[in-house]
Structures are given as C-alpha cells and as structure tokens.
Amino acid sequence: MRGHSVLYLLRCAWLQLYTRRGRNRLPLWIREKWAYVRLLVQSLYFNSLTDSDVVFDSIFEPVFWTVDYVTRWFGLVFVFLVVILVSSCVVIAYVVLLPLVLNTYSPAWIVWHLCYGNWIIIMIGFHYYKATKTSPGFPPTEKNDSPFVAVCKKCIMPKPARTHHCGICNRCILKMDHHCPWLNNCVGHSNHRYFFSFCLFMTLGCVYCSISGRNLFLDAYNALETNYQTSAPVYTFKEKMINKSIIYMWVLTSTVGVALGALTIWHAVLISRGETSIERHINSKEKKRMAKRGKVYRNPFNYGRLNNWKVFFGVEKRSHWVTRVLLPSGHAPHGDGLTWDVFPVKKDLIPV
C-alpha cells in the first residue's frame, strides 16, 4: 500500500508541474514568428563569407528594387523619346537644311552631304533597331554540359563565365555589360556590338551636324536676336520657324554629341581592354587584392588590343572591316557566349 501511495503522489506532482508549464508557454504562432525573426537576424552574420557588401545589399534591397521597377516600366518612354528626338532632327535636315544646301553649296559639297548624311541616318536607325530588338543572350535553363563558374543567387541556375544577373530583366545575361534604359534592353553578348555601333554613329552624326551647321546656327540666332531687339527686319512666321528649328537642332546635336561622345570613348577603352562595364569594377578589385599579395592580376579575356576589336566586331577577313563595321550587318557575334578562350594569345585570335 505504501508503494502505491508514493507512486500516486509522484504522478500527481508531475501532472501539476506539467500543467503550470503549459499555462506559461506562449501561443504557437507567436513562437513561430519569434523564431523566424531570430533566424533573419542570425542570417546576417551566420555565413563566414558575409562581408560589408552583403550587409549593404541587404539593407538597401528595397531601394534597388524600386529603381529596377521604375526603370523597367519607363523603358518604353525612353525609347519613344529617342525615336522622337532623332526623327525631329531628320525631318529638320530634309525639310529645312536640304533646300539651303541645294541652293548655296557647290555640287561636290552637295554630293558629300547627301552621301554622308544618308549613310549616318541608315547606320543609326539600323543599329538602334537591332540593339533594342536583339536578345542580349541568356544561359540555358535546361540541364547541359556547358561549364559554369558560379550559381546565380537569384535564378539558382549555373552561371557561365562573364554572365551576370540583371535585376531589371530578372534574368542572367551572357557577357552582360549593363542594362540600358534608352534601349529598354540589356546589353550583352548578342547585342553589345549593335549598342556600341549605335553610340559611335550617333556621335559621328551629332558632330557632323554641330560642325556643318555652326554658321547656320549663328545666322539663325543673330536673326532672332535682331528681330527681338529692333522692329526691322521683319521675318515671316515661316522664316522664324526655320531659324528656331536650326537652333533647336544645333543645340540638341551639340549637347548629345558631347555626352554620348564621352560614353562612346569610355566603351571603346573597355573594348580595347577586353572588359565590360561590370568586369571593369571586378577587375579593379582583383588588381587591388592581388597587389596586397605581391602578385599582378591579368584579365583572362584580354587577347590584345587589335584582337579584342576583331572579336568584338566579328572581323574574320580584311573586307569585314567595311562590310561588318562600316555597313549594316546582322552577323552573329564571335562565339556562343558560354565558353571563352582565356589568357592572351601570341598570334591573332582571328587571323586577318
């Protein structure tokens, strides 16, 4: 009897203790939320690879998301703006400037302006259209044997060399340079040449308009100033619109020529080094990191200045400098964008 009484007392004490603990415990949903918050906080310093860049990206992720969202939806507005501005200059050139050229210039200069002007317009229109409509190139999404160097944290897919994730397109881009809002498209392996050619020929066109139209601009500006300051001479509405059109075109082309010219020169320097805009920052960090170790970093995709331009433009023989560079050409870029020859070579990568 004593043994049964002791067991009974122990069982009652255990039940009372369990009941008290159960009353003091928080509800399940609160404990789950608290565990999730603790996990988020610990994730900032749990990984040994976490550094200041990771923490900075985590804190400013809402800002980056907002910029990407706005850029994505305003891309069509930027494209429409480019088309309107370029079209307005073309209309002024044909409607206002061409009659002046035909009436005042010599036959040789008329031929020069007609040939050069129409060539520039064709090259600008062709390369802008191809840059906006050509896919920049995406890595395969299905299983394949292509080599890769990392796994994308956003796509959770293998990334080949020189591939980066675009937050605006929300995809990985082969040999990504940057996302251009003026194209509403990423600049990558398949359309990098179109983008640079558009910038180059647009700059040449703006410089051409700025230099050749300088005297016309000064005459139009002085005519409007004289008309505002004195009552004579009196200009008709048509003459005023012609002068204003000339001033508008010269100011626009001069401004764009300076800004776009600087961008074109910068990209030309990158192409000469075998780099993209993203790789420029990566290689700069690698140079500093290797310098601390007493070593010299070499860009593995730099094949030499001339070879870099051959690979970029797809020049495989001498005639291609004309047919593929100075004339519209829709040829595919060199390579598939998945694999790359690394380290500089002593001979030409593409013999010419």
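What you are looking at is a predicted structure, and each value in this text was computed from that prediction instead of being measured.

## A closer look at the overall build of the protein
Stage number 1. Of the regular secondary structure elements, the protein holds eleven helices and six strands.
Stage number 2. Expressed as a percentage of its 352 residues, the buried residues of the protein come to 32%.
Stage number 3. Surface exposure of the protein reaches about 23400 Å², of which carbon and sulfur atoms provide 66%.

## With respect to the pattern of salt bridges
Side chains bearing opposite charge may pair, as long as their charged atoms lie close to each other.
Stage number 1. The tally for this structure, following the rule as stated, stands at two salt bridges.
Stage number 2. A salt bridge links Arg-162 to Glu-279; the nearest nitrogen and oxygen atoms lie 2.7 Å apart. One end of the pair, Arg-162, is in the loop between strand S2 (158-159) and strand S3 (164-166); the other, Glu-279, is in helix H9 (residues 277-292), with 117 residues separating them in the sequence. The residues Arg-162 and Glu-279 share a single accessibility class, namely buried.
Stage number 3. In this structure, Arg-289 and Glu-286 form a salt bridge, with 2.7 Å as the shortest nitrogen-oxygen distance. With Arg-289 and Glu-286 both in helix H9 and three residues apart, the pair spans about one turn of that helix.

## Looking at unusual backbone geometry
Stage number 1. For Asn-170, which is not glycine, the phi torsion reads 60 degrees and is therefore positive.
Stage number 2. Within the secondary structure, Asn-170 is located in the loop between S3 and strand S4 (171-173).

## Brief notes about helix H6 (residues 192-212)
Quick reminder: α-helices carry 3.6 residues per turn. Residues three or four places apart thus point the same way.
Stage number 1. Compared with an ideal rise of 1.5 Å per residue, which puts 21 residues at 30 Å, H6 spans 30 Å between its outermost C-alpha atoms and is within 8% of the ideal.
Stage number 2. A large share of H6 lies buried, amounting to 15 of its 21 residues.

## A closer look at the UniProt feature "transmembrane region" (unreviewed entry) in the protein
Stage number 1. What UniProt calls "transmembrane region" (unreviewed entry) maps, in this numbering, to residues 73-97, 109-129, 194-213 and 247-271.
Stage number 2. Secondary structure within residues 194-213 divides into 95% helix and 0% strand; the distance between the first and last C-alpha atoms comes to 28 Å.

## Brief notes about the packing of aromatic side chains
Stage number 1. Here the structure, examined in full by the defined rule, presents 16 aromatic pairs.
Stage number 2. Here the aromatic rings of Tyr-116 and Tyr-208 are separated by 4.8 Å at their centres, their planes lie at 55 degrees, and the arrangement is tilted. Here Tyr-116 is found in helix H5 (residues 107-133), whereas its partner Tyr-208 is found in helix H6, with 92 residues between them in sequence.
Stage number 3. For the pair Trp-309 and Phe-312, a centre-to-centre distance of 6.2 Å together with 85 degrees between the ring planes defines the contact as edge-to-face. Of this pair, Trp-309 and Phe-312 both sit in helix H10 (residues 305-313), three residues apart, which is roughly one turn of that helix.
Stage number 4. Between the NZ or CZ atom of Arg-162 and the centre of the ring of Phe-301, over which it lies, the distance is 4.5 Å.
Stage number 5. The lysine or arginine in question, Arg-162, covers the ring of Trp-340, its NZ or CZ lying 4.6 Å from the ring centre.

## Remarks on the packing of H5 against H6
Stage number 1. Taken N-terminus to C-terminus, the directions of H5 and H6 make an angle of 150 degrees; their axes are 8 Å apart at the nearest point. For the element pair H5 / H6, the angle class is roughly antiparallel. Crossing of H5 against H6: the hand is left-handed.
Stage number 2. In terms of residue class, the contact of H5 with H6 is built from 16 nonpolar, six polar and one charged.

## Some points on the side chain of Asn-299
Stage number 1. Position of Asn-299 relative to the elements: it lies in the loop between H9 and H10.
Stage number 2. By relative accessible area, which is 11% here, Asn-299 ends up buried.
Stage number 3. Side-chain polar atoms of Asn-299 contact the backbone oxygen of Arg-273, separated by 3.1 Å.
Stage number 4. Aside from chain neighbours lying at most four places away, what touches Asn-299 is Arg-273, Gly-274, Glu-275 and Asn-283.

## Structural notes on the nonpolar core
Stage number 1. Among the nonpolar cores identified, the biggest contains 20 residues, and Ile-124, Tyr-128, Leu-183, Phe-195, Phe-198 and Met-202 are the most heavily contacted of them.
Stage number 2. Mapped onto this core, the elements with two or more residues apiece are helix H4 (61-104), H5 and H6.
Stage number 3. The biggest single contributor to this core is H6, with eight residues.
Stage number 4. Apart from the residues within four sequence positions on either side, Leu-183 is in contact with Val-79, Tyr-128, Ala-131, Thr-132 and Phe-195.
Stage number 5. Cys-89, Ile-92, Ile-247 and Met-249 belong to the second largest nonpolar core, which has eleven residues in total.

About the cut-offs
Residues numbered from 1 in each chain as written. Predicted model: local features only at pLDDT ≥ 70, side-chain atom pairs only at ≥ 80, totals over all residues. Heavy atoms only, no water. Helix = DSSP H or I, 4+ residues; strand = E, 2+ residues; numbered from the N terminus. Buried < 20%, exposed > 50% of the residue type's maximum accessible area, 1.4 Å probe, protein only. Areas by Shrake-Rupley, 256 points an atom, 1.4 Å probe, with all protein chains shown as cover. Salt bridge = Lys/Arg side-chain N within 4 Å of Asp/Glu carboxyl O. Expected span 1.5 Å × (residues − 1). UniProt positions renumbered as here; feature names shortened; annotations may be inferred. Phe/Tyr/Trp six-rings, centres within 6.5 Å; stacked < 30°, edge-to-face > 60°. Lys NZ or Arg CZ within 6 Å of the ring centre and 35° of its normal. Axes fitted to C-alpha atoms, helices over the stretch in contact; angles between N-to-C directions. Parallel < 35°, antiparallel > 145°, perpendicular 65-115°, else oblique. Left-handed = near helix turned anticlockwise from the far one by under 90°. Nonpolar A, V, L, I, M, F, W, Y, C, P; charged D, E, K, R; others polar. Polar contact = N/O pair within 3.5 Å; in protein donor to acceptor, adjacent residues only side chain to side chain. Contact = heavy atoms within 4.5 Å. Core = buried A, V, L, I, M, F, W, Y, C linked by side-chain atoms within 4.5 Å.

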